[in-house]
2 protein chains.
Amino acid sequence: MRLIALTGGIGGAKLALGFAKLLTPDEVSFVVNTGDDFEHLGFHISPDVDTLTYTLAEEANPETGWGRRDETWHFMETLERFGGETWFRLGDRDLALHAFRRTRLDAGATLTQVTRELCGKLGIAHDVWPMSDDPVRTRVRTSDGFLAFQHYFVRDRCAPAVTGFEFAGIDAAAVNPELVAALREPVRAVVICPSNPFVSVDPILDIPGMRDLLRGAGAPVIAVSPIIGGQAIKGPTAKMMRELSIPATTEQVAAHYAGLITAFVLDEQDASAQPAVEAMDLDTIVAQTVMGTLQDRVDLARTVLDFTDRLRAALRPTAN
Amino acid sequence: MRLIALTGGIGGAKLALGFAKLLTPDEVSFVVNTGDDFEHLGFHISPDVDTLTYTLAEEANPETGWGRRDETWHFMETLERFGGETWFRLGDRDLALHAFRRTRLDAGATLTQVTRELCGKLGIAHDVWPMSDDPVRTRVRTSDGFLAFQHYFVRDRCAPAVTGFEFAGIDAAAVNPELVAALREPVRAVVICPSNPFVSVDPILDIPGMRDLLRGAGAPVIAVSPIIGGQAIKGPTAKMMRELSIPATTEQVAAHYAGLITAFVLDEQDASAQPAVEAMDLDTIVAQTVMGTLQDRVDLARTVLDFTDRLRAALRPTAN
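The present account deals with the structure reproduced in this document. (Residues numbered from 1 in each chain as written. Chains lettered and ligands numbered in written order. Predicted model: local features only at pLDDT ≥ 70, side-chain atom pairs only at ≥ 80, totals over all residues. Heavy atoms only, no water.)

Overview of the overall build of chain A
Line of reasoning, step 1. For chain A, the helix and strand inventory stands at 13 helices and 14 strands.
Line of reasoning, step 2. Oriented by its inertia axes, the alpha-carbon framework of chain A measures out at about 65 × 40 × 40 Å.
Line of reasoning, step 3. Counting over 320 residues, chain A shows a buried share of 57%.
Line of reasoning, step 4. Taking contacts inside chain A between residues at least 6 apart in sequence as the whole, the part at least 24 apart equals 67%.
Line of reasoning, step 5. A total of about 12,500 Å² of accessible surface is found on chain A, and carbon and sulfur atoms cover 49% of it. (Helix = DSSP H or I, 4+ residues; strand = E, 2+ residues; numbered from the N terminus. Buried < 20%, exposed > 50% of the residue type's maximum accessible area, 1.4 Å probe, protein only. Contact = heavy atoms within 4.5 Å. Areas by Shrake-Rupley, 256 points an atom, 1.4 Å probe, with all protein chains shown as cover.)

Right under this line is the structure:
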């Protein structure tokens, strides 16, 4: 039976790597946010897909979480000299991935096909499925109007206060057909990795039909909290919650996913919130969810898998 | 008075650099073939413009003649790993120029504007004018059909035998308006630099109205032979002539430009051909046209300038 893990970039990719270390390509597949995708300098850039891909290939830059290790920056240095746009950092080796993708998309390949080709060349055996092959573009609403996501996230370093979000194109986007096919087979669980609920997970969930498909899989739907002790390990989740007048707490993350999830994983630092989350009619466990090392990632993946299997046993007490 | 120098890539750019060393930006401007331009990996690549630009900036790779010196190849190495198209070699620093150009063209700039911006950043004070802002694409006819120029030239290393050429789009292409304006002012001479007559110079000359504009400048039109002792220093000129059943001789180059040029520069190795070229009603000089060193380039430029001024004096014997 297959685990379906939904993920955005850096935080989610860490847990995804943990799953990939424990489960075969038949046992886990990854569904990735593409709301962050954008066209830049003639390239098609899929930041979350790329972060997951480099992470699974164990070629991610361990210091930044994004981009590649062993990278050089001669392209960027020269582009700066020309007065080009350098706010989105593209390493010389990383560029090859974006140029390859551009070429294949121009030739008519889908994002799913290109991603499979790149994964193959990077030695990744697991399926990495973009949430959709149709373009969805996250825009961040601020008091000054909408910002394209990467302008908000990278260029403006998340400084503008957010008042909401828009996923342009989502009404016309179809769920990735590979995911649709996988959900017709028995599913061990759906896991929402610890990514930003608003800009990494919601674009996935808001694709028309996605929530029904996930709920209809007949399996536990488990979210792992990206909020730990009122903070996000990385990224603007906690800042966004405050700006949206939502308390930056793990129970608010659980509430955000109400109606979809059946279980929730809280960090040890938030053990006191467990009763409040259980009161939402959710199964819970408390775990060490900070993933500083590779061993932490594998450990959390194993904890979530064990939780999953206990939940399944409770659902079907007579199964062996 | 301004010298107008028409040029393709490597050979012509050497003489262009010689002129740039001797003449101010008011005294010489360069008109460059764009028939070699192509879209590749999402970039807009203008090989002859780039070769001239890097040459004038004295940042060209002295070993290859194309591309930049102090270059790295991490993009290409990674693209090769992905199975991407690597037959056209793009260095990491060189890529920045192509990405900058792509971005500016997408924003609505003309190729002339982008080229001016890039020249400014590279410290080039002279005008580098693409022959046209409209797309012209050279295609090489072979016994197996047409090949896009870069496929013939780089990917297939000029191996296919040519039977002719086509400049797609040329009927709709307008002469660069900066050149049109310059030709309204007094012109010292028009010089056709030693570039391939068929694929570097003919695309320039075949733009509708170009020949009439150049002839109408009231100045000598001088070609410098790219054929020396029956060979081209670099590139397929002599091979093409043989395949087209044209003897690979300097006099055949002069004949190719019949009706446009008024004077011709032969190499010392071809001194015996001087009477035959003069019989075409052309003024001639014999010069050292092999340009191995920077000094050779400056020396040839000075020789051509002196020849130009003698021709002008002969045209107008009463002028001072």
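Structural notes on the pairing of strand 6 (residues 137-142) of chain B
Residue and element names in this part refer to chain B.
Line of reasoning, step 1. Every second residue of strand 6 is oriented toward a common face, the buried set being Thr138, Val140 and Thr142 and the non-buried set Arg137, Arg139 and Arg141.
Line of reasoning, step 2. Of the strand pairs in this sheet, strand 6 and strand 8 (residues 162-168) are connected by six bridges, and their pairing is antiparallel. Across the sheet, the residue bridging to Arg137 is Ala168, located in strand 8.
Line of reasoning, step 3. Here strand 6 folds back onto strand 7 (residues 145-148) in antiparallel fashion, the turn holding two residues. (Pairing = 2+ DSSP bridges.)

Describing the packing of aromatic side chains
Line of reasoning, step 1. For the coordinates displayed, the defined rule picks out 16 aromatic pairs over all chains.
Line of reasoning, step 2. Measuring from ring centre to ring centre gives 6.2 Å for B:Phe149 and B:Tyr152, while their planes differ by 45°; the resulting arrangement is tilted. Pair noted here: B:Phe149 and B:Tyr152 are both in helix 6 (residues 149-155), with a separation of three residues, about one helical turn. Here B:Phe149 matches B:Tyr152 in class, with each residue buried.
Line of reasoning, step 3. In this structure an aromatic cluster arises from ring pairing among A:Phe38, A:Trp87 and A:Phe88.
Line of reasoning, step 4. The lysine or arginine in question, B:Arg139, covers the ring of B:Phe146, its NZ or CZ lying 4.6 Å from the ring centre. (Phe/Tyr/Trp six-rings, centres within 6.5 Å; stacked < 30°, edge-to-face > 60°. Lys NZ or Arg CZ within 6 Å of the ring centre and 35° of its normal.)

What to know about the packing of helix 1 (residues 10-22) of chain A against helix 13 (residues 294-315) of chain A
All names here are of chain A.
Line of reasoning, step 1. Closest axis-to-axis distance for the helix 1/helix 13 pair is 7 Å, and the angle between their directions is 75°. It follows from the interaxial angle that helix 1 and helix 13 lie roughly perpendicular. Here Lys14, Leu15, Leu17, Gly18, Phe19, Lys21 and Leu22 of helix 1 lie close against helix 13, whose contacting residues are Leu294, Arg297, Val298, Leu300, Ala301, Arg302, Val304 and Leu305.
Line of reasoning, step 2. A class-by-class count of the residues in the contact of helix 1 with helix 13 yields ten nonpolar, one polar and four charged. (Axes fitted to C-alpha atoms, helices over the stretch in contact; angles between N-to-C directions. Parallel < 35°, antiparallel > 145°, perpendicular 65-115°, else oblique. Nonpolar A, V, L, I, M, F, W, Y, C, P; charged D, E, K, R; others polar.)

A closer look at the interface of chain A and chain B
Line of reasoning, step 1. In this complex, chain A contributes 28 residues to the contact, which on the side of chain B involves 28 residues.
Line of reasoning, step 2. Interface area, chain A with chain B, both sides summed: about 2,400 Å², of which 65% is carbon and sulfur.
Line of reasoning, step 3. When residues of chain A are sorted by the area they lose upon contact with chain B, A:Arg81, A:Phe82 and A:Lys121 head the list and together hold 28% of the total.
Line of reasoning, step 4. Counting across the chain A and chain B interface gives two salt bridges.
Line of reasoning, step 5. For A:Glu59, the salt bridge goes to B:Arg81, with nearest N and O atoms at 2.5 Å.
Line of reasoning, step 6. Connecting chain A to chain B are four residue pairs in polar contact (both at pLDDT 80 or more).
Line of reasoning, step 7. Counting residues per element, the side of chain A that touches chain B draws most heavily on helix 4 (residues 92-106) of chain A, which supplies nine residues.
Line of reasoning, step 8. Considered class by class, the residues forming the side of chain A that touches chain B number twelve nonpolar, seven polar and nine charged. (Buried area = accessible area lost by both parts, 1.4 Å probe. Salt bridge = Lys/Arg side-chain N within 4 Å of Asp/Glu carboxyl O. Polar contact = N/O pair within 3.5 Å; in protein donor to acceptor, adjacent residues only side chain to side chain.)

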